[in-house]
Amino acid sequence: MAAARPRSSPSGALCGQLLLTLMILTLACDACKKFTLHVPSKLDAEKFIGRVNLKECFRSANLIHSSDPDFRVLEDGSVYTTNAVHLSSEKRNFTIVLSNAENQEKKMVVVLEHQTKALKKRHSKEKILRRAKRRWAPIPCSMQENSLGPFPLFLQQVQSDTAQNYNVYYSIRGPGVDREPINLFYVERDTGNLYCTRPVDREQYESFELIAFATTPDGYTPELPLTIVIKIEDENDNYPIFTETAYVFTVAENSRIGSTVGQVCATDKDEPDTMHTRLKYSIIGQIPASPTLFSMDPKTGVITTLSSQLDRELIDRYQLKIKVQDMDGQYFGLQTTSTCIINIGDVNDNLPTFTHTPYVTSVEENTVDVEIFRVTVEDKDLINSPNWRANYTILKGNENGNFKIVTDSKTNEGILCVVKPLNYEEKQKVVLQIGVVNEAPYSREATLRSTMSTATITVNVKNQDEGPECSPPTQTVRIKENAPVGTKSGGYKAYDPESRTSNGIRYKKLSDPKGWVNVDENSGSITVFRSLDREAEDIRNGIYNITVVASDTDRRSCTGTLGIILEDVNDNGPSIPKQTVIICKATMSSAEIVAVDPDEPINGPPFAFRLDSDSDSNVQRAWELKKINDTAARLSYRNDLPFGSYKVPIRVTDRQGQSKVTLVNVCLCDCITENDCTTRTPRIGNGDVKLGKWAILAILLGIALLFCVLFTLVCGASGTDKKQKVFPDDVAQQNLIVSNTEAPGDDKVYATNGFTSQVVSSSAQAVCGTMGSGGKTGGQETIEMVKGGHQTLESCQAAGHHHTLESCKGGGQQTLDSCRGGHVEVDNCRYTCSEWHSFTEPRLGEKVQLCNQNVDGNPVQDYVLTYNYEGRGSVAGSVGCCSERQDDDGLEFLDHLEPKFRTLAETCVKR
């Protein structure tokens with residue numbers, strides 16, 4: 001079905017049937033080697049005639065070749081003609097050669113068979129329906145926008161080819177029929193004539209796409225639906241419209257010719273790219289009318305300047321009447337006008353100028369931070385803009401910095417102020433030259449001098465009756481230190497600025513930190529009230545400052561400072577600031593002694609150092625002093641002095657003969673660095689032992705432990721009176737554990753008094769304990785026992801060394817010699833040595849005697865041997881010769897021991 005066209009010929013119908021048959025047969029063909037295609041007798045060039053299944057031979061072929069040059073085959077199996085072909089009544093064959101990537105070839109035969117008339121007659125009604133897929137393209141249809149009719153307006157006729165064989169009824173659907181705008185179009189059912197019922201606005205509907213249908217009276221549809229597009233032809237019915245009702249632009253004054261001012265723009269709803277929307281811009285008026293300063297591009301609407309004489313100070317605003325017209329500006333085109341306002345932007349093309357010159361003003365002397373005058377300027381540029389605001393500068397006459405000038409932001413005036421007092425006696429008139437420029441730079445080309453306006457201001461200084469003047473504010477006077485009391489010297493002087501004299505001025509001391517001087521009220525001179533000392537504290541650089549107030553009869557005053565320069569007198573001998581030095585004998589043999597002298601250098605170094613041996617003749621034999629430089633000497637010891645603290649008197653003499661003796665405390669210490677001797681308890685001879693916090697804590701813990709042991713002894717002694725037991729019940733387990741020495745180690749020998757003595761070999765080091773330590777060396781053993789004192793014991797370094805115990809007399813201080821010749825000090829024994837001796841000697845002596853001899857009285861050493869476990873039923877009667885069990889008394893607790901202790905307990909029972 002298509003729009004109305006000439007009737008189709010019988011041969012054309014036959015070709016259509018043959019093509020339909022060809023398509024059906026092609027879809028039905030699935031053979032690999034041979035395909036049959038039914039085609040018309042005449043085939044045009046580049047015509048599709050069918051499709052074969054190439055995958056029957058190869059899944060993919062990289063080369064396809066046809067033996068007949070009139071036909072070509074594509075990769076999907078489509079067969080096209082390359083030239084126009086006319087088939088006779090006979091069949092026509094050609095071969096398709098296929099090749100894959102492995103160069104394997106297979107052949108496929110295609111048979112083209114001509115369609116006969118008999119085949120056409122056998123087509124059923126269903127096949128005719130399939131033929132209806134062939135249709136003509138619709139003829140373009142259009143109508144004029146805003147048509148005047150008459151309505152209904154005929155547009156075109158829709159006609160189907162099937163009308164030759166059937167009675168066909170026509171109908172349409174789509175926008176303008178059954179959708180908005182409804183009932184705009186309709187079609188006659190029998191004729192297919194298409195009509196429009198009313199005018200159409202193209203700006204609302206550019207086109208309509210309708211669907212036409214052809215059906216038989218019984219409802220059969222022999223044709224597929226046909227799309228009909230109705231285009232609305234544009235009419236110039238819309239005026240161009242400016243995008244803004246009024247345009248506002250700004251252009252700077254004095255702009256160059258051709259400078260862009262702005263651009264206007266208009267739109268037109270008519271069809272684009274037609275004469276209806278081809279716009280042209282123009283300026284049709286200007287206010288003020290002359291001179292003409294602007295032009296407009298007719299196509300783009302860009303406004304530019306025609307002159308460089310725009311002057312904001314003359315005319316600051318222009319108003320243009322502009323027009324836009326379609327149809328490219330032809331007289332019959334539609335047009336619209338608008339307004340364009342052009343503001344002239346200000347530039348700094350006018351210099352500020354002073355309204356009057358010269359200016360004269362006055363100010364009183366000694367006034368400060370006051371406004372004394374205002375200057376005004378004129379500027380034609382835009383008010384309150386950088387081109388109008390003024391910056392003032394004092395060019396000349398303010399070399400002393402007495403004035404400053406600032407700008408009043410509201411009035412643009414220059415405010416002249418005094419920032420430093422003026423002195424009438426020095427200058428009675430000051431002439432200032434001031435200049436003014438704008439904040440913004442001057443836009444026109446000019447020399448530097450012409451861009452600044454200048455003026456002069458004469459400032460007359462008025463005299464004022466003022467008080468005394470302390471000038472200079474700081475004055476000095478020289479006095480020797482140690483000057484006798486009552487010594488007079490010059491003092492502070494103030495003067496009257498009017499008379500330039502000091503008559504009638506009174507002086508008073510305002511500040512005198514040390515109260516050394518008095519100030520004369522009339523003359524300002526000073527008198528020494530106390531002895532002056534240049535080396536006194538808080539005196540820097542030898543200058544002592546006092547403050548003086550000078551006042552006149554009207555009680556006007558000024559304040560000044562009098563610096564008393566104390567001239568040095570050699571009244572101080574050199575001294576040694578560091579009066580304690582440390583000499584580590586392990587790393588150094590001398591110490592450096594440095595002397596200082598608070599006097600002036602003329603009364604100072606070079607110094608002479610010597611040992612002051614008048615008080616002690618042994619100093620010269622023990623010490624040696626050698627000078628290093630003008631202020632230092634080296635002190636070294638002689639004859640390998642023992643460790644300790646020594647007092648060495650050293651006399652230092654300055655260049656003027658003034659000397660002083662300093663008693664230096666020299667500490668000979670067994671250390672590596674000086675810090676070792678000061679932070680821990682050193683080993684020194686004939687000196688005090690310094691105890692740190694940890695040493696004190698150790699002493700306290702030792703005292704506490706000693707008290708515990710003494711308490712145990714006292715309780716044990718009191719318990720013995722009540723019941724005789726060799727082993728106390730409360731320590732039974734402990735004694736058993738100690739006696740069970742089954743592995744190599746130190747043997748413990750326990751006595752009834754509760755003391756424990758450690759037994760070591762002759763090559764071992766002595767062990768220092770809280771109660772004491774024992775060491776066996778060379779067959780002789782010494783037990784040391786101390787209560788409550790602090791001790792330091794050096795370990796024995798050589799085997800067989802002998803330890804001794806010195807008696808403590810009266811609870812005083814005792815010294816224990818160490819193995820290397822050192823000593824340990826024990827302070828304030830709580831119990832006397834006689835008490836300890838009487839308590840321990842009978843018991844320990846007996847045990848030592850027993851342990852050192854066998855039954856025959858010969859020395860034995862079995863008490864240091866380690867005993868192995870002898871097993872159950874051992875007949876051993878004792879652990880050794882030192883066993884403390886002589887009878888079976890007090891062993892009842894052995895009956896209550898656990899089984900694993902019974903064998904050990906049996907060794908303690910006498911057999």
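Residues numbered from 1 in each chain as written. Predicted model: local features only at pLDDT ≥ 70, side-chain atom pairs only at ≥ 80, totals over all residues. Heavy atoms only, no water.

The subject of this paragraph is the overall build of the protein. Along the backbone of the protein there are nine helices and 55 strands. Taken across its 911 residues, the protein has 39% of its residues classed as buried. Restricting the contact set of the protein to residue pairs at least 6 apart, pairs at least 24 apart contribute 64%. With the model as given, the accessible surface of the protein reaches about 51,600 Å², and the carbon-plus-sulfur share is 50%. (Helix = DSSP H or I, 4+ residues; strand = E, 2+ residues; numbered from the N terminus. Buried < 20%, exposed > 50% of the residue type's maximum accessible area, 1.4 Å probe, protein only. Contact = heavy atoms within 4.5 Å. Areas by Shrake-Rupley, 256 points an atom, 1.4 Å probe, with all protein chains shown as cover.)

With that out of the way, let us pick up the sheet that holds strand β4 (residues 48-51). Overall, antiparallel pairing links the three strands, which are arranged β4-β7-β6 in an open sheet. The open sheet has two edge strands with one neighbour each: β4 and β6 (71-73). Strand after strand, the sheet turns through a mean of 25° between neighbouring axes, direction not considered. As paired elements, β4 and strand β7 (residues 78-81) share three bridges and run antiparallel to each other. Looking at the pairing, Phe48 lines up with Tyr80 of β7. (Pairing = 2+ DSSP bridges. Axes fitted to C-alpha atoms, helices over the stretch in contact; angles between N-to-C directions.)

To continue, consider the state of the cysteines. Taken as a whole, this structure holds three disulfides when the rule is applied. Two residues share a disulfide in this structure: Cys470 and Cys558, whose sulfurs sit 2.0 Å from each other. Taking the sign of the S-S torsion, about 80° here, the bridge from Cys470 to Cys558 comes out right-handed. One end of the pair, Cys470, is in the loop between β35 (453-462) and β36 (474-480); the other, Cys558, is in strand β42 (residues 557-567), with 88 residues separating them in the sequence. There is a disulfide in this structure between Cys669 and Cys677, and the S-S distance comes to 2.4 Å. For the disulfide bridge between Cys669 and Cys677, the dihedral angle about the S-S bond is near 110°, and by the sign convention the bridge is right-handed. Looking at Cys141, it has no disulfide partner, and the nearest cysteine sulfur is the one in Cys196, 9.6 Å off. Assessed through its relative accessible area of 6%, Cys141 is described here as buried. (Disulfide = S-S within 2.5 Å.)

This part covers unusual backbone geometry. Omega for the peptide link from Phe151 to Pro152 comes to 0°, which places this bond in the cis form. Even without being a glycine, Asp273 presents a positive backbone phi close to 60°. The topology assignment puts Asp273 in the loop between β21 (266-267) and β22 (280-287). Residue Asp273 is classed as exposed on the basis of its relative accessible area of 79%. Phi at Asp369 is positive, roughly 55°, even though this residue is not glycine. Take Asp369: it is sitting in the loop between β28 (359-364) and β29 (370-375). By relative accessible area, Asp369 is classed as exposed at 62%.

What follows covers the pattern of salt bridges. By the definition in use, this model includes 16 salt bridges. Arg374 is paired through a salt bridge with Glu371; the nearest N and O atoms lie 2.9 Å apart. Given the relative accessible area of 44%, Glu371 is considered partly exposed. Between Lys626 and Glu624 there is a salt bridge, with its nearest N and O atoms 3.6 Å apart. Lys626 gets classed as exposed once you look at its relative accessible area, which sits at 51%. (Salt bridge = Lys/Arg side-chain N within 4 Å of Asp/Glu carboxyl O.)

Nonpolar side chains collect at one region of the surface, where Trp694, Leu697 and Leu701 lie side by side and expose about 370 Å² of accessible area between them. Residue placement: Trp694 occurs in helix α6 (residues 693-722). Look at Trp694 and you get exposed, because its relative accessible area is 64%. (Patch = residues over 30% accessible without salt bridge, like charges linked within 9 Å, V, L, I, M, F, W, Y side chains within 5 Å.)

In this section: the sheet that holds β29. Taken in spatial order, the three strands make up an open sheet running β29-β33-β32, and their pairing is antiparallel. Taken across any chain shown, the strands that pair with only one partner, and hence form the sheet edges, are β29 and β32 (403-407). Between one strand axis and the next, the sheet turns by 30° as a mean value, whatever way the strands run. Bridge count for β29 against strand β33 (residues 414-418) is five bridges, and the pairing is antiparallel. Bridge pairing in β33 places Phe373 opposite Leu416.

Our next topic: the pairing of strand β13 (residues 169-173). Only one face of β13 is covered, namely the face carrying Tyr170 and Ile172; the face carrying Tyr169, Ser171 and Arg173 is uncovered. As defined by bridge partners, β13 adjoins strand β16 (residues 207-215) across five bridges and the pair is classed as antiparallel. Pairing of Ser171 across the sheet is with Phe213, part of β16.

Glancing now at the environment of His65. Tracing the backbone through its elements, the reader meets His65 in strand β5 (residues 63-66). In contact with His65, other than residues within four places in its own chain, are Thr95, Ile96 and Val97.

A few words on the confidence of the model for the protein. Of all residues in the protein, 69% have pLDDT values of 70 or greater, and the mean over the chain is 74. In this model, residues 116-137 is a region of pLDDT below 50 whose contacts with residues beyond four sequence positions or in other chains number 37 contacts. (pLDDT = per-residue confidence, 0-100.)

With that settled, the discussion passes to the environment of Asp270. Examined against the element boundaries, Asp270 turns out to sit in the loop between β21 and β22. Assessed through its relative accessible area of 2%, Asp270 is described here as buried. A C-alpha to C-alpha distance of 6.8 Å links Asp270 and Asp234, two positions 36 residues apart in sequence. When sequence neighbours within four positions are dropped, the list of residues in contact with Asp270 reads Arg202, Glu203, Asp234, Glu235, Asn236, Asp237, Asn238, His276, Thr277 and Asp326. A polar atom in the side chain of Asp270 sits 2.7 Å from the side chain of Asn238. (Polar contact = N/O pair within 3.5 Å; in protein donor to acceptor, adjacent residues only side chain to side chain.)

Here the focus is the environment of Gly258. Summarising the element assignment, Gly258 is placed in the loop between β19 (246-252) and β20 (260-263). Spatially, the C-alpha atoms of Gly258 and Thr304 are 5.3 Å apart, while their sequence positions differ by 46 residues. Beyond its immediate chain neighbours, meaning those up to four positions away, Gly258 contacts Thr304 and Thr305.

Moving on, we come to the packing of aromatic side chains. All chains considered together, the criterion is met by 15 aromatic pairs. Measuring from centroid to centroid gives 6.1 Å for Tyr247 and Phe249, while their planes differ by 15°, and the two rings are stacked. Each of the two residues, Tyr247 as well as Phe249, counts as buried. Ring pairing ties together the aromatic residues Phe242, Tyr247, Phe249 and Tyr281, which thus form one cluster. Above the ring of Phe213, the side-chain terminus of Arg173 is found at 5.2 Å from the ring centroid. Over the ring of Tyr169 we find Arg189; its NZ or CZ atom is 4.1 Å from the centre of that ring. (Phe/Tyr/Trp six-rings, centres within 6.5 Å; stacked < 30°, edge-to-face > 60°. Lys NZ or Arg CZ within 6 Å of the ring centre and 35° of its normal.)

Next up on the list: the side chain of Thr162. Inspection of the secondary structure puts Thr162 in the loop between β12 (153-159) and β13. The buried category is assigned to Thr162, whose relative accessible area is 4%. One polar contact links Thr162 to Ser160, side chain to side chain, over a distance of 2.9 Å. In contact with Thr162, not counting residues within four places along its chain, are Val168, Pro222 and Glu223.

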